[in-house]
Structure formats: C-alpha cells, structure tokens
Amino acid sequence: MGERQVEFRNVSFRYQEDMPWVLKDVSFTIGPDEWVAIIGHNGSGKSTIAKLMNGLLFPQEGEILVDGIRVNQETVWDVRKQVGMVFQNPDNQFVGTTVRDDVAFGMENHGMPRELMVKRIEESLSAVGMQEYKIHEPHRLSGGQKQRVAIASILAVSPEFIILDEATAMLDPKGRKEIMQTIHGVQKERDLSLITITHDLHEVTQASRVIVMNQGEVWMQGTPREVFSRKEHVIEIGLDTPFISKLADHLKAEGVSLAREPLNHQELLEELWTLRSTM
Amino acid sequence: MDITFDHVSYVYQPNSPFEHRALNDLSFSVKSGSFVAVIGHTGSGKSTLIQHLNGLLQPTEGKVQIGDYVLEAEGKNKRLRDLRESVGVVFQYPEHQLFEETVAKDIAFGPQNFGVENKEIEKRTREAVKATGLPEDLLNRSPFDLSGGQMRRVAISGVLAMNPKVLVLDEPTAGLDPSGQKEIMSMFSRLHREKGLTTILVTHSMEDALAYADHIIIMNHGELYSEGTPLEIFQQQKALEDVQLDIPEVIAFISEVRKRLNIDLEYKGQTIAELAKELAHKVRGGGDHE
Amino acid sequence: MSSSLIIGQYIPTDSVVHRLDPRSKIAIIFFYVVIVFFANSVMSYGVLALFAVGSAILSKVPLSYIMKGLKPVWFLIIFTFFLHIFVTRDGAVAFSIFGWDVYWEGLIQGGAISLRFFLLILVTSLLTLTTTPIEITDAIEELLGPLKKVKFPVHELALMMSISLRFIPTLMQETEKISKAQASRGVDLRTGSFKDRMKAVVPLLVPLFVSAFKRAEELAMAMEARGYQGGEGRTKLRELSIGKSDVMLYIVFVLLIIALFLTRS
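In this text, all values refer to a predicted model and were calculated from it rather than measured experimentally.

Cut-off values and rules
Residues numbered from 1 in each chain as written. Chains lettered and ligands numbered in written order. Predicted model: local features only at pLDDT ≥ 70, side-chain atom pairs only at ≥ 80, totals over all residues. Helix = DSSP H or I, 4+ residues; strand = E, 2+ residues; numbered from the N terminus. Buried ≥ 20, exposed ≤ 12 C-beta atoms within 10 Å, placed from the backbone. Contact = placed C-beta atoms within 7 Å. Nonpolar A, V, L, I, M, F, W, Y, C, P; charged D, E, K, R; others polar. Pairing = 2+ DSSP bridges. Axes fitted to C-alpha atoms, helices over the stretch in contact; angles between N-to-C directions. Domains from an automatic or database assignment.

S.K.: I'd like to hear about the overall build of chain B, residue by residue, with values.
M.R.: A count of helical and extended segments in chain B gives 11 helices and 10 strands. Overall, chain B is about 70 × 50 × 35 Å in size when its C-alpha atoms are taken along their principal axes. Each of the 290 residues in chain B was classed as buried or not, and the buried ones make up 42%.

Set out below in structure tokens:
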C-alpha cells in the first residue's frame, strides 16, 4: 500500500483509434485531505479525468495510480472502493426504490455484512442531513436531496476520494447550497479528499487547489488565488472569472492598490476598509 | 400581446387525497413587448403559471387573457390552436423534445402542425438557425448526433420557426456551461428587441433577471409575492431573504460596502467598470466621510 | 403530478396480513389456487370462502376498495355464470324462462365456477394490496433461488424488476413533460382521425425512448462506479424473515386443507 494519493502520470486518452485525443499527456497528483476543483470548457476533458480515476475508462498511454496501485482491469474493483463518484443527473444514479436501499447499494456490492450496513446507513444519512428520509421514494425527493443521498451512499463505503462530476449543475440555487454545505461538513469531519468538477466559480474559490483544463491538457494549476491573479490566462481560454475578481481588476485600473487577489466579498471589503482608514 | 391573469387559481387532482393548490388567486398583467422574469423557489407555482400561457392548463378559477384569447375556468377555450401558434414555449431541457430524422425536419415540425406553407417554413428555418447560431450545414444531420449545446439550439429554433408573438422560456440555460448560458441569453435578448416579442422568462438566476428583464414577478406558494422593476425588486433585500431568494451579486456587494465602509453607494445599473470608478473615488474620500 | 397510476395499488394499512413474509403469502396463494379446484360441496366452498374473506377482513383494507378493484372482473364472473346456464343441458330442469329451460346442473356449475373465480381474484389482489412491489420482487428472488443452480439469472431478473419499479414514476413524469412540449408545438392527441392520432404518438415515443436509453446508460455507469459486478459476492440489506404470524398462517392453512377434504362430498 502506497501513500494516500491519486496520481496521473502522462495520461493520454481517446475513445477510438481514429478519433482525436480527449486527454493529452496529463499529469497531476491529488494528496490526502485536499479539495481540488477541476474547471474547463465542455469538451476540455474534465469528465474524462473523473471516469479514468474510477476505472470506468482506461488510458491508452500513461498510468493512473490510486494509493500507489495502478488502475487496470484487475485492480479496478479495489480502486472503486477508494474512489467514490457523484454524477450530474440526480435521477440517473438513484438505484434503490427507497433512500435506504440506495445507500445500501454500494455496500451490498462490496459484500459488507448486514449489521455494518444498517449502522453505516444511519451514519452517512445523518452526515448529509437526510436521516428523516430513510424510507422515502426517489420521486418524492428534490434534486438536491437526491444528490445528498448519492453523497451518503458513497460515504457509506468510506472511500478516500470523492469525485463530484458537475453534481450541482442540474440543481436550483437552494439545492446547490445544500450540496455545498454538505460537502463542507463532510470534508471537515471525514478524512478524505474531494475532487469537484464544476463550472461554478463560487465552488472553485472554496477549493484548496484548482486545475484548469483546456483542450485535453492541463492549462494551469494552483491555489484559487494564484489562478485568478493570473486571470488573463483564464480569460484567454474563454472561461469566466468571479465578479469580485473582475471588480478588483477595475479597481486596480483606477489606481486602487490591493495587497492580494481577493477571492470573496469579505476579503475585498477588508482591503478597502484598510485603505479608507489610512487615507 | 398583453397578458392578464385575473384571480387565477389552479388545483391539481381536485377532490382527491393528492389535491394540491398550485396557484392561488393570482392576478397580474404584462404589457405587450415587455421582458418579464418570473422568479421563485421550486414549487412556488412558476411552472404551473407558464402552462396557462398557451392553454396546456386551464384555470380552476379565474380568467387568463392573452391578446384576445381568453382562458376561463368553465369556458370551452376553443381557439387553443391559434393560441399555441402565437405563444412559443421553450421548456426546460428542450432538447428532450427532438425526435425527427434531421434537424431541418424537427425545426419544421411546429410550423407544419400549424399549417404553414413549405416555402415559408424553409425561410423560417433558415432564419431560426441563423438566430440561434447553428451552421446551416447541420440542417441535414440527425439531431441526435449533435452536442448537447447544439441540440438545445435546434430545439429553440423549432420554437422560433413558429413565429410566436409571445416567447415563454422555462430556465432555458439550465445545464449549459457559463459561456453557453451567456450566448443563449443574449440571443433571446436580441430576438426580444428585434422582433418586438413579449418574453416571459422563468429563471433561478437573479443575475439574468437583473440583466435582461424590465419587470420581475416573484412567486411564493402559488401566490404573487411581489412585482416591480428589477431595481425596485432587488432593493427589498429583506423581503427577498424572507422567501430565501438571493439578490444579484453586484447589489449584495454594494449593500455590504454601505454597511462595512459606511460609504453611500447605490446600484443604478452601473457596469463593473463604472462601479469600480465610483468606489475608488469614494474610498479615497471623495464623498461623504463622516 | 396529475398522473396517479399506482402499480399493484398497495394500501399501507399495516395489518397482520401486511406484516407476513411475502414468501409465505405467495406460497400460500399458490397452494390456495390449487386447492380451490378440489372443492365440490357447498360446505367445502364455504370453508374456502371463509379463509379468503377472513384474510380480507384481517388486512384492514376497506372492503369497498377491494370491491372497486374487482370491478373489471365482475363482468367476467357474471358472464361465466350465464354461459354455464345456457350451455349446460344435463339433469333436471329447474325452471323455464322465455321458453328456455334452465337446468339445475347449469345453475350449480355456473355458481361454482363463478365463486371459484371470485375467490382466486380476491386472494391474489389481497397480495398486491398488502405487499409492496419491492417485497414481491424480493420474495420472487428468494423463491426462485434454487433455479440459480441451473444458471437461471434470478438475481438479474430481480434487479431488473426493482429498477423498473424505481423508474416507473420517473418515466411517467417524463411522458407528461414531453407530451406537453409537443402539444405546445401543435400536436393534438385528442382530436383527429385514428391515423392522425397514431401519427401524433411518434413525437412522444421517440424522445421517450431516446431518454430512456440515455438514462439506462448513465445508470449502468453509476452502478458500475459504485462497485456493481453482478450478484456474486453481494450481500443484501433487505432480509426476509419468517415470524410467528407466518407460522400461524401455515397452521391455519393446514387446518383449511383438512377441513376442505372433510367437507368434500
């Protein structure tokens, strides 16, 4: 057993021989307790990365190591125990006829004993605040609630990595908030790494690291502050930047000097407050 | 076309254990040519509301008037076909309604049902794909071979080809990436102006409501909670919080600036650049230092 | 939201009948269906009817609801009765009506067959009224268990059934959504000739299939990502267990069989 990390080593992938590469020579490492956001256009290869990590696809070139183990046909079932995945469409990943059946599904697949399942269902449903809904049927739940169940069902298997592949894209703002709160809580309480694939800039600013993908290649990576302070690179590939980051740029153009790239309202307000009181 | 809701209520599955009052005594009116955003939580009655606009639903009580079409609780509501031709509805994830062999045939489906002549349909099809930014050589392809974003544009083209006077948009950008969202919204905004449409936009995005609408209707529990211009609506921060709705980021930021920095700053539709200029000036002490 | 088709029309009245192991219920109904054909006297029919009606009462499902559920088959029951009266030409004439002789044998035969029919329908509908579809699926998986030895895909079959159950409401909502979208594009399913209406079904069915396939594909991927690799080595959360009331049911049923054979003529 190697150390707890996911490593991409010069990974290239395409769906078919005669088709263009979806990923080209991609390398990065995701360590324990990290929250990595992967952003990029549709078609930049973000979702392919997620599927490769979980062994739903295998690369033509390079290798992917989960905890030092190479992901291939033989190891894939062990890898899937360590790497959980939440998909975009809340309906199309809900397997069980009720909430508790759905949470149990993954555990049943891994052959866990029944007593442990019952215990884990309780634990993971309360971790996502859905303990009241154990016997609810999926069509009586909102999209956000279904996604929380999806997260619970992954927590129940207690993986080291959770990938959220645009898990909030189909939700309303309330559902999005629910999911973000859930993720924050889970990350704090459990010992795991998060990988969120997203278009939502708010989500991105909360991550500990950002990987920007463009046309199948890693365009840039760094902390959110690093990425957005070099925003000309981000804009160059047609991605948007947060409102606060844009405003900070215009303020700088007006001659207001800011000590660092603000990531949220609070940070910019602090800077402005300091400036104002020293004027 | 002017739209009027006159004390409209709608009840799903009346007299059953599943009875549900989705709209309750709803009255409002929309002037012809305006761009109205309908906002509110999931379950607030927005989608029931828009289904009254082309007669998919008929009020349980009250009266809906769209131009000179009248939908009444007890009435027979005969001219539904004409109404549906005049009111184009782009549903959520409209690409799910595609079914024809080719893009061209799918776009032609609506106008054909309404008996439009072939020559006219061809003309409209070309206009529609141009408006939605689809290359014309896609017309003979199967819609199912296209990307998600392109499929959405095909579906929207199919509604535009009906030449509607009223365009109803139910979260037309849901699930698209940010650049796709922007393109689609600015396209609708352009069409609204160029064709003199009456546009009803159902959205969860306060940013879009602020950017594109000239009138906002807030729904809550099937009732009209509030209505007004975007500036009026978004100034009532407390009222919005009470129904758990956000305010656009720029307005939220300005109100934080007022509180934290004690600077008198108002949102009156400034661009980010204008706002930065004003803010820079006031931070430097130009203005109301206490 | 307006569609309210309830598959199997389960009524959660939480009675002793509801709490029985679904395997017991299915097995007992199977044997009941068999022994119904052994009844041949008024008394033996009475014994069988007592069991069926007794179970119905114990289930706490309102009798009016059960009767309403039987509505579509009443016609069949009555039809069967008259068919026998008209066709049977044996034994003594009971009475004549409009110049048509009705024989005792016909009356008895018709009555017996109709009663049998009624009892069978009553007992089987009690199963769906008191057992959730997923419980029935579980029971079928268990009862068919031995067939695994001959490579019959029992687990897959049960999984298919439970996924179908799970997706029925989703697909119904989808159907409604698509039909509204097409109605907005001028499709009219209510008027027009039969041919026109059949044509109007295509714009509904094609998108429905496309979406169902897409769902299936995504669901398969999600299941795989969650470690699904077939029935082998899999444990189960849902467990069926035989309880005291099940044992009671068996005893009552054995007594029923004894009573049935004692009352046969």
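After that view of the structure, there is still more to cover.
S.K.: I'd like a description of the interface of chain B and chain C, backed by residues and values.
M.R.: At the junction of the two partners, chain B supplies 22 residues and chain C supplies 18 residues. Elements supplying a minimum of two residues to the side of chain B that touches chain C: helix H2 (80–86) and helix H3 (103–113) of chain B. Looking at side-chain class alone, the side of chain B that touches chain C contains 11 nonpolar, 8 polar and 3 charged residues.

S.K.: Describe the sheet that holds strand S4 (residues 61–66) of chain B, naming the residues involved and giving the relevant values.
M.R.: All names here are of chain B. Taken in spatial order, the 4 strands make up an open sheet running S2-S1-S4-S5, and their pairing is antiparallel. Both edges of this open sheet fall to strand S2 (20–30) and strand S5 (69–72), since each of them pairs with a single strand only. When strand polarity is set aside, the average angle formed by the axes of neighbouring strands in this sheet is 20°. In terms of strand pairing, S4 meets S5 through 4 bridges, oriented antiparallel. From the neighbouring strand, Lys63 faces S5, where its bridge partner is Glu72.

S.K.: Could you give an account of the domain arrangement of chain C, with specific residues and numbers?
M.R.: With domains assigned, chain C is organised as domain 1 (8–146 + 241–263) and domain 2 (167–225). Computed from C-alpha atoms alone, the centre-to-centre distance between domain 1 of chain C and domain 2 of chain C is 39 Å.

S.K.: Help me get a handle on the sheet that holds strand S4 (residues 61–66) of chain A, residues and values and all.
M.R.: Residue and element names in this part refer to chain A. The antiparallel open sheet is built from 4 strands, whose spatial order is S2-S1-S4-S5. In this open sheet, the two strands that pair with only one neighbour each are strand S2 (23–30) and strand S5 (69–70). Judged from the 2 bridges that link them, S4 and S5 form a sheet pairing that is antiparallel. Looking across to S5, one finds that Leu65 is bridged to Arg70. Helix H1 (residues 46–53) contacts strand S1 (6–13), S2 and S4 of the sheet and is inclined by roughly 120° relative to S1.

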